[in-house]
Number of protein chains: 2
Amino acid sequence: MPRYSLLVEYDGRPYCGFQAQGDLPTVQASLERAILRFSGEAVRVTTAGRTDTGVHATGQVVTFDLEKTFKAGVVRDAMNAYLLPEPVSVLDAAQVDPDFSARFSATGRMYLFRILNRRAPPAIDQGRVWHVKKPLDADAMIEAAKCLIGKHDFTTFRDLRCQSNSPVKTLDIARVKRIGDEIHLVFASRSFLHRQVRSLTGTLAEVGIGRWEVGRVKEALEARDRQACGPVAPPEGLYLTHVTYEANPDFEGRSSI
Amino acid sequence: MPRYSLLVEYDGRPYCGFQAQGDLPTVQASLERAILRFSGEAVRVTTAGRTDTGVHATGQVVTFDLEKTFKAGVVRDAMNAYLLPEPVSVLDAAQVDPDFSARFSATGRMYLFRILNRRAPPAIDQGRVWHVKKPLDADAMIEAAKCLIGKHDFTTFRDLRCQSNSPVKTLDIARVKRIGDEIHLVFASRSFLHRQVRSLTGTLAEVGIGRWEVGRVKEALEARDRQACGPVAPPEGLYLTHVTYEANPDFEGRSSI
């Protein structure tokens, strides 16, 4: 039974997150509907990352099995034909090993958080950036982010509804960079806790605004207490940009941003 | 009577172009409505560039007069408060000389045209890029664009409804650059003919696709015949990014892209 993998881009605005929830509009429901339309087969897809409501992706990866065999290019083009006019696009498709899983084979995930840091609200990027009016001190945010890199108990930066067995994760990248009017935060880890990136971003923004001293982020991390977390950043600035697979280096998520 | 200048960003999708047309939704109507709401004064704004339906701007400039005097920052913030939730944003405001005109004082205009050149349709940038599936040869487009620079009769690249007195314009910049999955075309001139940028872009895309030889663009230019133009590119990839004012170098449009 052939297994297929898709590299998917989507605008999270019209969706109640990735994961299927009854009749609610979700990215998963849209993908499974398109698969049913072109293949005639009702399947469930496995995903590398369950993004929240309003969160975007430029490099989401999903896998699913079909009875029939299709050429990868046919799968990609047929999916895009049936997905239109929804803001979900299949960038690439491949037939993969039957033991390859978008979720369990993933060895790394990367997220980008875009903050628009100017007085005027976004016009062209409405719903696709977090608008922060007050000037952010990027250097202070860079300094504060350093203590987050490495293996830590991230209980402080974990949503109370998080279902992960352990709050201990290893953060490989926690980068902050100013690009014109925007501040981009990039986080990479084998896996993330629920709302971890938005919790880290909202907390680092407190430092950028000057409400928090740089050192308070380390104190918050060490407190291992959700109450010590800063405000959680909104979903609209968050993008799942990249998923890494050692088992299948030819098929990696990639950022189009 | 104080005159004000605004630097404006907008998403052209929901608007029938910039210029007011009765009750149709236009950027001008939205700006004038916001001015009326905060100042109580009904005015007409003068604009640096009358963008078409679906065309965007990151550096549009408008001027208008008010009876009352307001601080520039108050004008900017009040405009943005009354414009929400529309995708129109006032990036900057300034009180300018009474003889300064967004339109007649402009000494240069710059446009960016974004082509998304990949097989998969845009999800996140729907309506904000021109999607071209076939691979474009950027080097051939760069070569073909060279003959456009300088003073020429651009009749071939001028919409038949163009109201400009003369088809002769001086193109200062005609740049083509590949950036990942996108091809960006940048054009700069003191002023442009109606649909000139979209006509030039659509024609250069013919070269990129390989349907036109590089040399055919020069032949088309020299033909001074609208029939010799390639297909006109759609509006969704076009952005007015920059307007230059020698008289007022402190107040220049700028690109946020």
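In this text, all values refer to a predicted model and were calculated from it rather than measured experimentally. (Residues numbered from 1 in each chain as written. Chains lettered and ligands numbered in written order. Predicted model: local features only at pLDDT ≥ 70, side-chain atom pairs only at ≥ 80, totals over all residues. Heavy atoms only, no water.)

**Observations concerning the nonpolar core**
Stated formally: The term nonpolar core refers to a set of buried residues drawn from Ala, Val, Leu, Ile, Met, Phe, Trp, Tyr and Cys, joined through side-chain atoms within 4.5 Å. Exposure classes here rest on a 1.4 Å probe applied to the protein chains alone. A residue is buried below 20% of its type maximum, exposed above 50%, and partly exposed in between. Those domain boundaries reflect an automatic or database domain assignment.
Within the largest apolar cluster, 76 residues are counted, with the highest numbers of intra-cluster contacts made by Met 79, Leu 148 and Leu 204 of chain B. Two domains each donate at least three residues to this core, and these are domain 1 (3-96) and domain 2 (108-244) of chain B. Counting 75 residues, the second-largest nonpolar core is a separate cluster that includes Leu 91, Ala 93, Phe 113 and Val 243 of chain A.

**Looking at the relation of the copies chain A and chain B**
One copy of the chain maps onto the other through a rotation about an axis plus a displacement along that axis. To keep it simple, the criterion reads: Alignment of copies: least-squares fit on C-alpha atoms of residues with pLDDT of at least 70 in both copies. Pairs of residues are marked as contacts when any of their non-hydrogen atoms sit within 4.5 Å.
You can overlay chain A on chain B at an RMSD of 0.0 Å; the transform is a turn of 180° with a shift of 0.0 Å along its axis. Put plainly, the chains are arranged around a two-fold axis. Residues of chain A ranked by C-alpha distance from the rotation axis are headed by Asp 125 of chain A, positioned 4.8 Å from it. The overlap is high: 100% of the interface residues of chain A also sit at the interface in chain B, so the same surface is used on both sides.

**A closer look at the interface of chain A and chain B**
This is how it is decided: As a working definition, buried area equals the accessible area (1.4 Å probe) given up by two parts on being put together, with both sides summed. Take a side-chain nitrogen of Lys or Arg and a carboxyl oxygen of Asp or Glu: if they are within 4 Å of each other, that pair is a salt bridge. Counting of polar contacts relies on pairs of N or O atoms within 3.5 Å, with two restrictions inside protein: one atom must be capable of donating a hydrogen and the other of accepting it, and residues adjacent in sequence are counted only when both atoms are side-chain atoms.
Contact with chain A, which involves 29 residues of that partner, is made by 29 residues of chain B. Contact between chain A and chain B buries roughly 2,000 Å² in total, counting both sides, with carbon and sulfur atoms accounting for 53%. On the chain A side of the contact with chain B, Arg 119, Ala 123 and Ile 124 of chain A bury the most area, a combined 29% of that side's loss. At the surface where chain A touches chain B, the tally comes to six salt bridges. Here Asp 77 of chain A makes a salt bridge to Arg 119 of chain B, at a shortest N to O gap of 2.6 Å. Across the chain A-chain B interface, the total number found is 16 residue pairs in polar contact (both at pLDDT 80 or more).

**What about the UniProt feature "binding site: substrate" (unreviewed entry) in chain A?**
We apply this condition: UniProt positions are given in the numbering used here, feature names are shortened, and annotations may be inferred rather than shown by experiment.
Feature annotation in UniProt assigns "binding site: substrate" (unreviewed entry) to the following positions: Tyr 111 of chain A. In contact with Tyr 111 of chain A, other than residues within four places in its own chain, are Leu 185, Val 186, Phe 187, Phe 192, Val 197, Leu 238, Tyr 239, Leu 240 and Thr 241 of chain A.

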